[in-house]
Amino acid sequence: MAEEKETGFKITDRRKFNPDGTPRDIEDEPAAQPAAQAPEPVLKEVAGSAADNVVSFEAAKKERAEPQSEQTAEPGAAASEQKQATAAAERAYNQANAGRAAQAAEPPFMTLIDLLAAQAAMFLGIAEAPDGRQLPVDLNAARHFIDLLGALEQKTKGNLTPDEAEMLESVLAYLRMQFVALSRGR
């Protein structure tokens, strides 16, 4: 083995949040925490996946669906711990974004429509990719984004301004006509 030399560098953990999302006290905390003290994360890594750092939301859903009696003696204990962890993460997120929230306005609904429509247009071959190249036509991917816009229209019906509703309706009509034209041409 190679001998380790003193380099003069000190490694310090400067993360602002604990694994459960609660804020850390950096000054009072030792540099290394034992793993037993760290709370278990809500989402688990998938064992045997292609990448070791992939988080699976499906695994978390399955854990919630399993009977609680197998996991703990008290049926509601795991659920209340998860709710507390979720509430702590939300508080930490709101605290971290407190300064930025006043500066940044809420993103407009039109931006969401534009984002989804641009994706559909790229897969229909109508628009170029952000790097300037023309993507091959992929009708399945285009249908997915058109369907997302359709679901958005259906779920927001009656809650949009007249301009938002008109834009969503016209974008959907245009994309659907282009999709039909391309699918018939093949």
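Undergrad: Just to check I follow, could you spell out helix H3 (residues 77-96) for this structure?
TA: Because an α-helix packs 3.6 residues into every turn, residues spaced three or four apart end up facing the same way. Between the first and last C-alpha of H3 there are 28 Å, a value that for 20 residues agrees with the 28 Å anticipated at 1.5 Å per step. Three or more residues of H3 are buried, namely Ala 77, Ala 78, Ala 85, Ala 88 and Ala 92. Here the buried residues of H3 occupy an arc of 95 degrees about the axis, which is enough to place them on one side. What points out from H3, more than 90 degrees from its buried face, is the exposed set Lys 83, Arg 91 and Tyr 93.

Undergrad: So what exactly am I meant to see when it comes to the nonpolar core here?
TA: A general feature of soluble globular proteins is that nonpolar side chains tend to end up buried together. Within the largest apolar cluster, 19 residues are counted, with the highest numbers of intra-cluster contacts made by Leu 124, Ile 146, Leu 149 and Leu 175. Among the elements of the structure, helix H5 (109-124), helix H6 (139-155) and helix H7 (162-185) are those that each provide at least two residues to this core. Filtering out sequence-adjacent residues up to four positions away, Leu 124 remains in contact with Val 137, Leu 139, Ala 142, Ile 146, Leu 175, Gln 178, Phe 179 and Leu 182.

Undergrad: For this particular structure, what's the right way to read H5?
TA: Relative to the 22 Å expected for 16 residues at 1.5 Å per residue, H5 spans 23 Å between its end C-alpha atoms, a close match to the ideal helical length. Buried residues along H5 sit in contact with H6 and H7. Where H5 terminates, the next one or two residues include Gly 125, which has phi positive at roughly 85 degrees.

Undergrad: Quick question: what am I supposed to make of the side chain of Glu 164 here?
TA: Within the secondary structure layout, Glu 164 lies in helix H7. For the buried Glu 164, no salt bridge exists, and the shortest N-O distance to an oppositely charged side chain is 14 Å, to Lys 157. A polar side-chain atom of Glu 164 sits 3.0 Å from the main-chain amide nitrogen of Thr 161. Filtering out sequence-adjacent residues up to four positions away, Glu 164 remains in contact with Phe 109, Met 110 and Ile 113.

Undergrad: It is not clear to me how the packing of aromatic side chains should be interpreted in this structure. Could you clarify?
TA: Aromatic rings considered in pairs are described by the distance between their centres and by the relative angle of their planes. For the coordinates displayed, the defined rule picks out one aromatic pair. On the basis of an interplanar angle of 10 degrees and a centroid distance of 5.9 Å, the ring pair of Phe 123 and Phe 145 is categorised as stacked. Of the two residues, Phe 123 sits in helix H5 while Phe 145 sits in helix H6, which places them 22 residues apart along the sequence.

Undergrad: Sorry if this is basic, but what is going on with the packing of H6 against H7 here?
TA: For any two helices packed against each other, one specifies the crossing angle of their axes together with the interaxial distance. In the contact formed by H6 and H7, the axes pass within 10 Å of each other and the chain directions differ by 155 degrees. It follows from the interaxial angle that H6 and H7 lie roughly antiparallel. Taken as a pair, H6 and H7 cross one another with a handedness that is left-handed. Each of Leu 139, Ala 142, Arg 143, Ile 146, Leu 149, Gly 150, Leu 152 and Glu 153 in H6 lies in contact with H7, whose residues at this interface are Leu 168, Glu 169, Val 171, Leu 172, Leu 175, Arg 176, Phe 179, Leu 182 and Ser 183. Grouping the constituent residues of the contact of H6 with H7 by class yields eleven nonpolar, two polar and four charged.

Quick notes on the rules
Residues numbered from 1 in each chain as written. Predicted model: local features only at pLDDT ≥ 70, side-chain atom pairs only at ≥ 80, totals over all residues. Heavy atoms only, no water. Helix = DSSP H or I, 4+ residues; strand = E, 2+ residues; numbered from the N terminus. Expected span 1.5 Å × (residues − 1). Buried < 20%, exposed > 50% of the residue type's maximum accessible area, 1.4 Å probe, protein only. Arc of directions from axis to C-beta. Core = buried A, V, L, I, M, F, W, Y, C linked by side-chain atoms within 4.5 Å. Contact = heavy atoms within 4.5 Å. Lys, Arg positive; Asp, Glu negative; His and termini not counted. Salt bridge = Lys/Arg side-chain N within 4 Å of Asp/Glu carboxyl O. Polar contact = N/O pair within 3.5 Å; in protein donor to acceptor, adjacent residues only side chain to side chain. Phe/Tyr/Trp six-rings, centres within 6.5 Å; stacked < 30°, edge-to-face > 60°. Axes fitted to C-alpha atoms, helices over the stretch in contact; angles between N-to-C directions. Parallel < 35°, antiparallel > 145°, perpendicular 65-115°, else oblique. Left-handed = near helix turned anticlockwise from the far one by under 90°. Nonpolar A, V, L, I, M, F, W, Y, C, P; charged D, E, K, R; others polar.

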